[in-house]
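If you want the building blocks of each chain, they are given just below.
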Amino acid sequence: MKDYLCVLTVLAVFGWQLQLANSSCNLCQASNDVACINQTAYRMCFGRETPSQDQIFNCPDGLVCTDKPQICFQRSETPASCGDTDSCGRCNANNVFACTSRTTFAFCFGATTPTTVNGTCPVGRFCDASTADICVAKPTPNSIICHLD
Ligand SMILES: *[C@@H]1O[C@H](CO)[C@@H](O)[C@H](O)[C@H]1NC(C)=O
Ligand SMILES: *[C@@H]1O[C@H](CO)[C@@H](O)[C@H](O)[C@H]1NC(C)=O
């Protein structure tokens, strides 16, 4: 019964985090007046709080939708505003760890689900599930980042 409650609590916390993550999608960004709707597409805001539903724009190949003034930018330099959260809480390829947010991780110890043994990346680093280093300073084109705050 205790374990059951614990699972419910974890699920509740995760659900709450996922909602937070979604809040950076479809949100008009003051810095460039667009709202990213996924990693590569965006809508115009025209100075309003809600994105215009008229048209969807796509970033050129290799660029992602960011809060930079240029809107679409190199993924290796700036993370997408409305990112992929698919990798959050998923153990990496060899089940060593899972990124639980941009800067936190939890160990998997060979299992497919993360344990509660967790840690935080040093300042200036973020969790990248594609590398054995766990926390890195620079993303690569293969980076697997959990876009949760
Ligand atoms: C983003 O959304 C656009 C428009 O709905 C869609 O065409 C595109 O495939 C999506 N891209 C991703 C990576 O989901
Ligand atoms: C992280 O570890 C702390 C104890 O060090 C624990 O209280 C917390 O629930 C853990 N967080 C997750 C997401 O497992």
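Look up: the structure comes first, before these words.
Residues numbered from 1 in each chain as written. Chains lettered and ligands numbered in written order. Predicted model: local features only at pLDDT ≥ 70, side-chain atom pairs only at ≥ 80, totals over all residues. Heavy atoms only, no water.

### Let's talk about the sheet that holds strand S1 (residues 34-36)
So, point 1. A sheet is described by the order of its strands in space; here three strands give the open sequence S1-S2-S3, paired in antiparallel fashion. Looking at strand neighbours, the two that pair on one side only are S1 and strand S3 (57-58), the edges of this open sheet.
So, point 2. Sheet topology note: the strand S2 (residues 41-44)/S3 ladder contains two bridges and is antiparallel. Paired with Tyr42 across the strands is Phe57, a residue of S3. (Pairing = 2+ DSSP bridges. Helix = DSSP H or I, 4+ residues; strand = E, 2+ residues; numbered from the N terminus.)

### Some details on the site of ligand 1
So, point 1. For ligand 1, the full set of nearby residues is Asn38, Thr40, Ala41 and Ile56.
So, point 2. One of the side-chain nitrogen or oxygen atoms of Asn38 is found 2.3 Å away from an oxygen atom of ligand 1.
So, point 3. Thr40 has a polar side-chain atom sitting 3.5 Å from a nitrogen atom of ligand 1.
So, point 4. Expressed as a share of its isolated accessible area of 360 Å², the protein-covered part of ligand 1 is 41%.
So, point 5. Considering only residue class, the shell around ligand 1 consists of two nonpolar, two polar and no charged. (Near = heavy atom within 4 Å. Polar contact = N/O pair within 3.5 Å; in protein donor to acceptor, adjacent residues only side chain to side chain. Areas by Shrake-Rupley, 256 points an atom, 1.4 Å probe, with all protein chains shown as cover. Nonpolar A, V, L, I, M, F, W, Y, C, P; charged D, E, K, R; others polar.)

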